[in-house]
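# Residue-level structural notes
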Number of protein chains: 2
Amino acid sequence: MSDTAKRFLKVGIMVALGLLIWFSPAPEGLDPLAWQYFSAYAVAIVGILLRPFPAPVVMLSVVGVYGVIMGPKDLLVGYSSTTTWQVFTAFMISVAFASTGLGKRIAYGLIGIFGKTSLGLGYSLAFTDLTLALAVPSTTARAGGVVFPIFNNVAKTLGSSVEDGTSHKLASYLALTSYHINLVTASIFLTGMAPNSQIAAFAKDILGVDMDWMTWAKMGIVPGLILVLIIPILLYKLFTPEIRKVDNYKELSRSGLNEMGPMSTREKCLAVFFAMAVLSWATTGITGFNAAAIAIMFLSLCLIFGCMGWNEVRQSKGAWDTLMWYGAIIGLSSQLSGAGFFTWFAELLQTHFNFSMFNPVVLLLILVVGGLLVRYMFASSSVFTTSMMPVMYTIGLVGGAPIMPLAFLCAACNGYGAMLTNYSGACGPVLFGYGHVKMKDWWTLGAVSAVCATLVYFLIGLPYWKLIGMW
Amino acid sequence: MSDTAKRFLKVGIMVALGLLIWFSPAPEGLDPLAWQYFSAYAVAIVGILLRPFPAPVVMLSVVGVYGVIMGPKDLLVGYSSTTTWQVFTAFMISVAFASTGLGKRIAYGLIGIFGKTSLGLGYSLAFTDLTLALAVPSTTARAGGVVFPIFNNVAKTLGSSVEDGTSHKLASYLALTSYHINLVTASIFLTGMAPNSQIAAFAKDILGVDMDWMTWAKMGIVPGLILVLIIPILLYKLFTPEIRKVDNYKELSRSGLNEMGPMSTREKCLAVFFAMAVLSWATTGITGFNAAAIAIMFLSLCLIFGCMGWNEVRQSKGAWDTLMWYGAIIGLSSQLSGAGFFTWFAELLQTHFNFSMFNPVVLLLILVVGGLLVRYMFASSSVFTTSMMPVMYTIGLVGGAPIMPLAFLCAACNGYGAMLTNYSGACGPVLFGYGHVKMKDWWTLGAVSAVCATLVYFLIGLPYWKLIGMW
């Protein structure tokens, strides 16, 4: 079959699916509007998976077609979503790290310390992210805006880049490690991820427990740290980079730094803005500033003080692509949630299943595994939180699951569940957008790490929480 | 003063202005929130006029700074505005006309019909532009990207080129005709010019009238067509080209078309989609479809059927620039309007000035002539729209001018006002840049055409609108 025929077959599948859902009667108890949004959402997700055309073209088509029928206003809301803008600005900010050479300088520094093996680099990445997780409560800002851009430069310096088709040498390993570690550190601290505070609010409202910063950290630190230790080696075994040892790493680091010479003014500016942004992100809990607004301001400071030129930003193709497709999917998913689709889904589950027949731990497992499966449908951790967390908490409560483990496990599975796809959380499109990792590997290894995380939380987390008297 | 110093002086002016308004008490009767938005809006407009940095950088900075203080949600709404999307897709669609060659083919066809005399060429140019104005809502893409490059080649073939110093033989006449016609067709259709959709939004917000595609076309078509008929002959009389007859015009058209070969599939697709889009835009009053959704669908059809590639679209720098700055300004202006700023401004004017002392038609004339004079200060039709249109509409409303003529005349004067100089709109620098026309001629004849357009709109437009019941 020719490429064109394949393309149009895929488009045919999308159209057929959309029509099928659209013209089926809405299930009982579901707002017909929610059913229509579901039709659009299903077509969009299948379109992004089959990818008959680049993702932005797929999403613009969905918005175009459904926009003509349903009116475009509600379908375009994602383009003004702060989540979308956080993702988009992360792309642009990373241009500054490349353009000024600051990323390179930090990378050379880290190579000098950890660069003896690629596994060592994996761990230095993991600990950088862990440290930042204390202070940067946005997975996107952390991995997408800070950590990975630096390690991408490390890989480039060591001769692994997407431009040369040499991602598999090192960069693909680092990209996936960065993504998975980021989603583990996200759940160690209450401040590790934006939706966590909303989850804590649900835990209070629905379960009647207080998940404050210290309680969260006490529960999260042991299984979380174990995962931070396991994941770099796990991925190293399963997704081994070609570059393993770097014998001349000390010399490489030194000569690289020498070649760069002293810091330029714009590099210094970036370092200052970077520190300011991290500080601002770290204190959003006190100042009330919005993380996306800080990102936009960081970006504009970089542009004004010449850390990068507008022309460079304009040529950042990944940023525009992401803005186009991610903005559309975020819009769809928030409409789906707003129209009550997920509430209906929860009621459907409750009507058809008798959750209290299960052993409490089995019930927890069902909830987490179920949550992970449903996670494939969600393009945002925040939307997953908003729509699924009440459902999971309600089912667990009704079924008699132990409260604190229930509260924490559902929160954690919201975090590491994003490993499963390249669209599940804001950070996914950013790291995937670098192009180092193929979709198949991304999804397969994502599932492996997610299973590993589930095992650690159940086999180590649960007994540990018992030990410290949490249930 | 160095360029950098100049830049930062301009930024200093912006910052000072913003602080001054922000910390002044809000005028009596105005919501303090509206006053804060006004501070942002004023800084944005001054920033776009002074342009210390490219417009997108200016606007992102405003959104970043005010977003940190006020929260970014309300400042980002413009990015999901259908107005923004109409402007944005306009740029992208123009790519298809250049890429497939359909624009060129239309021009050669018209040369075969009208090309016997240089006046005929002027008319064929005028009708090509008029046809394209239905679907290419960027004056720059239309005249600068499609129409004039073709007629410049025609002139060269007929022995008139800037290289030989023979512009006056034909090319200078065609260049000026192209420019003036372009700015007349810009106001015939809602889709004739990017800022028109914003003007329609202002008309809805401030005047409470719905300037949909059909209404706009109904009002624009009669005075617009008369101007399309007048301008080529007017310029022919005042700026007569040396070449008057073209004996081999049939052959010229034939060989041009032969050189292009038969229509490619993608060219045919574009022609079909083009016709469908025009039909859909023209019937939105009946179908209720949204014009922006139609544009997005038109765009996605072009992408799916390969009229252009995503890569070509992605490289359309103007589109991304516009999305960035225009989305921000649209968001600000809609917040300003939502917070009741324009209502307050209207009341203020009403209290202090007695606009109703004028006869309504005289008031319209004062507004249009005033607008034209101010137009010399503006380097962009979009900026003129954003800053002057609300003022003109408010004054007209307060002074009791007839609403529909007010709505249309101000819009039209934004279009043809760009004739006055070589910098008033993005298209000016492009056509002037060919070097066929001297600055003195450009400005003098621009003023003549603008006066002519004003006369036609007032002497023919007003009675015609009365006749069809628009006031």
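Residues numbered from 1 in each chain as written. Chains lettered and ligands numbered in written order. Predicted model: local features only at pLDDT ≥ 70, side-chain atom pairs only at ≥ 80, totals over all residues. Heavy atoms only, no water.

Along its length, chain A carries 22 helices and zero strands. Buried positions account for 60% of the 471 residues belonging to chain A. Excluding contacts between residues fewer than 6 apart, the proportion of contacts in chain A whose partners are at least 24 apart in sequence is 80%. Of the roughly 17,200 Å² that chain A leaves accessible, carbon and sulfur atoms contribute 65%. Charge-centre separation for chain A: the mean point of 26 positive side chains lies 8 Å from the mean point of 19 negative side chains. (Helix = DSSP H or I, 4+ residues; strand = E, 2+ residues; numbered from the N terminus. Buried < 20%, exposed > 50% of the residue type's maximum accessible area, 1.4 Å probe, protein only. Contact = heavy atoms within 4.5 Å. Areas by Shrake-Rupley, 256 points an atom, 1.4 Å probe, with all protein chains shown as cover. Lys, Arg positive; Asp, Glu negative; His and termini not counted. Charge placed at Lys NZ, Arg CZ, Asp CG, Glu CD.)

Residues and elements named next belong to chain B. Compared with an ideal rise of 1.5 Å per residue, which puts 14 residues at 20 Å, helix 14 (residues 291–304) spans 20 Å between its outermost C-alpha atoms and is within 8% of the ideal. For helix 14, the tally of buried residues reaches 13 of 14 residues, placing the bulk of the element in the interior. Of the residues flanking the start of helix 14, the one acting as N-cap is N290, its side-chain oxygen 2.6 Å from the backbone nitrogen of A292. Phi turns positive one or two residues past the end of helix 14, at G306, with a value near 70 degrees. (Expected span 1.5 Å × (residues − 1). Polar contact = N/O pair within 3.5 Å; in protein donor to acceptor, adjacent residues only side chain to side chain.)

Here the focus is the packing of helix 5 (residues 102–114) of chain B against helix 7 (residues 139–157) of chain B. For any two helices packed against each other, one specifies the inter-axial angle together with the distance between the axes. Residues and elements named next belong to chain B. Relative to each other, helix 5 and helix 7 sit at 50 degrees, their axes nearing to 9 Å. It follows that helix 5 is oblique to helix 7 by the angle criterion. For the pair helix 5 and helix 7, the crossing hand works out as right-handed. Here G103, K104, A107 and I111 of helix 5 come into contact with helix 7, specifically with V146, I150, F151 and V154. Each residue belonging to the contact of helix 5 with helix 7 can be placed in one class, and the counts come to six nonpolar, one polar and one charged. (Axes fitted to C-alpha atoms, helices over the stretch in contact; angles between N-to-C directions. Parallel < 35°, antiparallel > 145°, perpendicular 65-115°, else oblique. Left-handed = near helix turned anticlockwise from the far one by under 90°. Nonpolar A, V, L, I, M, F, W, Y, C, P; charged D, E, K, R; others polar.)

The next thing to look at is the confidence of the model for chain A. Averaged over every residue, the pLDDT of chain A is 88; residues scoring 70 or more account for 99%. Across the interface, the model reports ipTM at 0.80; the global pTM reads 0.80. (pLDDT = per-residue confidence, 0-100.)

Turning next to the packing of aromatic side chains. Evaluated as defined, the whole model comprises 52 aromatic pairs over all chains. Taking 4.6 Å as the distance between ring centres and 50 degrees as the angle between the ring planes, the aromatic pair formed by Y79 of chain A and W85 of chain B counts as tilted. Placement of Y79 of chain A in the loop between helix 3 (55–70) and helix 4 (82–100) and of W85 of chain B in helix 4 (residues 82–100) is noted, with the two residues assigned to different chains. Looking at W85 of chain B, the relative accessible area reads 1%, which means it is buried. Three or more aromatic residues joined by ring pairs form one cluster here, namely Y79, W85, F88, W310 and W320 of chain A together with Y79, W85, F88, W310 and W320 of chain B. (Phe/Tyr/Trp six-rings, centres within 6.5 Å; stacked < 30°, edge-to-face > 60°.)

This part covers a nonpolar patch on the surface. Residue and element names in this part refer to chain A. The grouping of V451, L455, L459 and I460 at the surface amounts to a nonpolar patch, some 370 Å² of accessible area in total. By the secondary structure assignment, L455 is in helix 22 (residues 439–467). Looking at L455, the relative accessible area reads 46%, which means it is partly exposed. (Patch = residues over 30% accessible without salt bridge, like charges linked within 9 Å, V, L, I, M, F, W, Y side chains within 5 Å. Salt bridge = Lys/Arg side-chain N within 4 Å of Asp/Glu carboxyl O.)

Next up on the list: the environment of W320 of chain A. In this fold, W320 of chain A is placed in helix 16 (residues 317–338). Put simply, W320 of chain A and G208 of chain A are 112 residues apart on the chain and 43 Å apart in space, counted from C-alpha to C-alpha. Leaving out residues up to four positions away in the same chain, W320 of chain A has contacts with F88, M92, W310, V313 and R314 of chain A together with W320 and M324 of chain B. A distance of 2.8 Å separates a polar side-chain atom of W320 of chain A from the backbone oxygen of R314 of chain A.

Next up on the list: the interface of chain B and chain A. Of the residues lining the interface, 41 residues belong to chain B; the matching set on chain A comes to 41 residues. Note on chain B versus chain A: buried area summed over both sides is about 3,900 Å², and carbon and sulfur give 82% of it. Of all residues in chain B, V68, I304 and W310 of chain B give up the largest surface area on contact with chain A, accounting jointly for 16% of the area buried on that side. The interface formed by chain B and chain A includes two salt bridges. Linking R314 of chain B and D321 of chain A is a salt bridge whose minimum nitrogen-to-oxygen distance equals 2.6 Å. Of all the secondary-structure elements, those providing two or more residues to the side of chain B that touches chain A are helix 3 (55–70), helix 4, helix 14, helix 15 (310–314) and helix 16 (317–338) of chain B. Looking at the side of chain B that touches chain A element by element, the count peaks at nine residues for helix 3 of chain B. (Buried area = accessible area lost by both parts, 1.4 Å probe.)

All names here are of chain B. Contact geometry of helix 2 (residues 32–50) with helix 16 gives a least axis separation of 9 Å together with a crossing angle of 150 degrees. Judged by the inter-axis angle, helix 2 sits roughly antiparallel to helix 16. Read as a crossing pair, helix 2 and helix 16 show a hand that is left-handed. For the pair helix 2 and helix 16, the contacting residues are A34, Y37, F38, A40, Y41, A44, I45 and I48 in the first and W325, I329, L332, S333, Q335 and L336 in the second.

A few words now on unusual backbone geometry. All names here are of chain A. In the Ramachandran plot, R51 falls in the positive-phi region, its phi being about 45 degrees despite a non-glycine side chain. Along the chain, the position of R51 falls in the loop between helix 2 (32–50) and helix 3. For R51, a relative accessible area of 32% puts it in the partly exposed group.

Moving on: helix 6 (residues 118–133) of chain B. A turn of α-helix holds 3.6 residues, and therefore any two residues three or four places apart point the same way. Its 16 residues place the ends of helix 6 of chain B 22 Å apart at the C-alpha level, agreeing with the 22 Å of an ideal helix rising 1.5 Å per residue. Counting buried positions along helix 6 of chain B gives 14 out of 16 residues, so the element sits mostly inside the fold.

In this section: the side chain of S253 of chain B. Residues and elements named next belong to chain B. Residue position: S253 is located in helix 11 (residues 249–260). A relative accessible area of 7% places S253 in the buried class. Aside from chain neighbours lying at most four places away, what touches S253 is Y108, I111 and G112.

A word on the pattern of salt bridges. According to the stated counting rule, one finds eight salt bridges over all chains in the structure shown. Residue D210 of chain A is joined to K204 of chain A by a salt bridge in which the shortest nitrogen-to-oxygen separation is 3.9 Å. Between R105 of chain B and E267 of chain B there is a salt bridge, and its shortest N-O distance comes to 2.4 Å. Here R105 of chain B is found in helix 5, whereas its partner E267 of chain B is found in helix 12 (residues 265–282), with 162 residues between them in sequence. Just as R105 of chain B is buried, E267 of chain B falls in that class too.

Turning next to the environment of F342 of chain B. Residues and elements named next belong to chain B. With respect to the element layout, F342 can be found in helix 17 (residues 341–352). It is 7.1 Å that separates the C-alpha atoms of F342 and I206, two residues lying 136 residues apart in sequence. Beyond its immediate sequence surroundings of up to four residues, F342 is in contact with I206, S333, L336, S337, P390 and T394.

This brings us to the side chain of T84 of chain B. Residues and elements named next belong to chain B. By the element assignment, T84 lies in helix 4. Reaching out from T84, the side chain makes a polar contact with the backbone oxygen of G78 at a distance of 2.7 Å. Other than its neighbours up to four places away in sequence, T84 contacts G78, L323, Y326, G327 and I330.

Attention now moves to the environment of L367 of chain B. All names here are of chain B. With respect to the helices, strands and loops of the structure, L367 is situated in helix 18 (residues 360–375). Here the alpha-carbon distance between L367 and Y416, two residues 49 residues apart in the chain, equals 14 Å. If sequence neighbours within four positions are ignored, L367 has contacts with M392, I395, G396 and L406.

What follows is about the state of the cysteines. All names here are of chain B. Counted by the stated rule, this structure contains zero disulfides over all chains. Here C452 is not cross-linked by a disulfide; its sulfur's nearest cysteine counterpart is in C413, at 15 Å. The exposure class of C452 is buried, given its relative accessible area of 12%. (Disulfide = S-S within 2.5 Å.)

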